[in-house]
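What follows is the residue order along each chain.
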Amino acid sequence: MGDLEEINPEIYGTMGQNYTAVLRNGEYSPYHLGIQLWFLVFSCMIHISAMNVFIGVLSNKYTEFCEFRHGLHEEFRGAFTFQRLLVEVALEWLGLRLRAAAQPHGVQYWE
């Protein structure tokens, strides 16, 4: 905070053998506490505003990709089901039954 008010710390030094010097730049102004509070409030406001903007962008992207995700999932389910049906038709054509081994006792699908 001293840089904002142009106040430097005290500097002690020796010049020669007998002389000790102290360099003082000044005292704090009556606005010192106000400058500290201004800096604290505005730095918090900037960070909170940036965080809110990030949350808004993130929620918009989530909504956009959520709709896209449902389409991808349906495409995957359709491709998987089609491949499974192709394997079952091929095995049934060869005289094997994949579905009979996979179904529990007493449960019938379509026949």
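Okay, so let's go over this structure. (Residues numbered from 1 in each chain as written. Predicted model: local features only at pLDDT ≥ 70, side-chain atom pairs only at ≥ 80, totals over all residues. Heavy atoms only, no water.)

### Topic: the overall build of the protein chain
Item 1. The number of helices and strands found in the protein chain is 3 helices and 2 strands.
Item 2. Reading the secondary structure of the protein chain in the N-to-C direction produces α-β-β-α-α.
Item 3. The burial tally for the protein chain puts 5% of its 111 residues in the buried class.
Item 4. At a minimum sequence separation of 6, the contacts of the protein chain that also span at least 24 residues come to 24%.
Item 5. Within the structure as shown, the protein chain displays about 10500 Å² of accessible surface, and the carbon and sulfur contribution to it stands at 65%. (Helix = DSSP H or I, 4+ residues; strand = E, 2+ residues; numbered from the N terminus. Buried < 20%, exposed > 50% of the residue type's maximum accessible area, 1.4 Å probe, protein only. Contact = heavy atoms within 4.5 Å. Areas by Shrake-Rupley, 256 points an atom, 1.4 Å probe, with all protein chains shown as cover.)

### Topic: the pattern of salt bridges
Item 1. Overall, the coordinates contain 3 salt bridges when judged by the stated rule.
Item 2. For E74, the salt bridge goes to R77, with nearest N and O atoms at 3.6 Å. With E74 and R77 both in helix α2 (residues 32-93) and 3 residues apart, the pair spans about one turn of that helix.
Item 3. You can call E74 partly exposed: its relative accessible area is 46%.
Item 4. Exposure remark for R77: the relative accessible area of 46% places this residue in the partly exposed category.
Item 5. With a closest N to O distance of 2.9 Å, R84 and E88 form a salt bridge. Taken together, the positions of R84 and E88, both in helix α2 and 4 residues apart, correspond to about one turn of that helix. (Salt bridge = Lys/Arg side-chain N within 4 Å of Asp/Glu carboxyl O.)

### Observations concerning a nonpolar patch on the surface
Item 1. A cluster of nonpolar side chains, contributed by W38, F39, V41, F42 and M45, occupies part of the molecular surface with about 520 Å² of accessible area.
Item 2. Mapped onto the secondary structure, F42 falls in helix α2. (Patch = residues over 30% accessible without salt bridge, like charges linked within 9 Å, V, L, I, M, F, W, Y side chains within 5 Å.)

### Let's talk about α2
Item 1. Between its first and last C-alpha, α2 extends 90 Å over 62 residues, near the 92 Å set by a 1.5 Å rise per residue.
Item 2. Looking one or two places after α2, you find G95, whose phi comes out positive at around 100°. (Expected span 1.5 Å × (residues − 1).)

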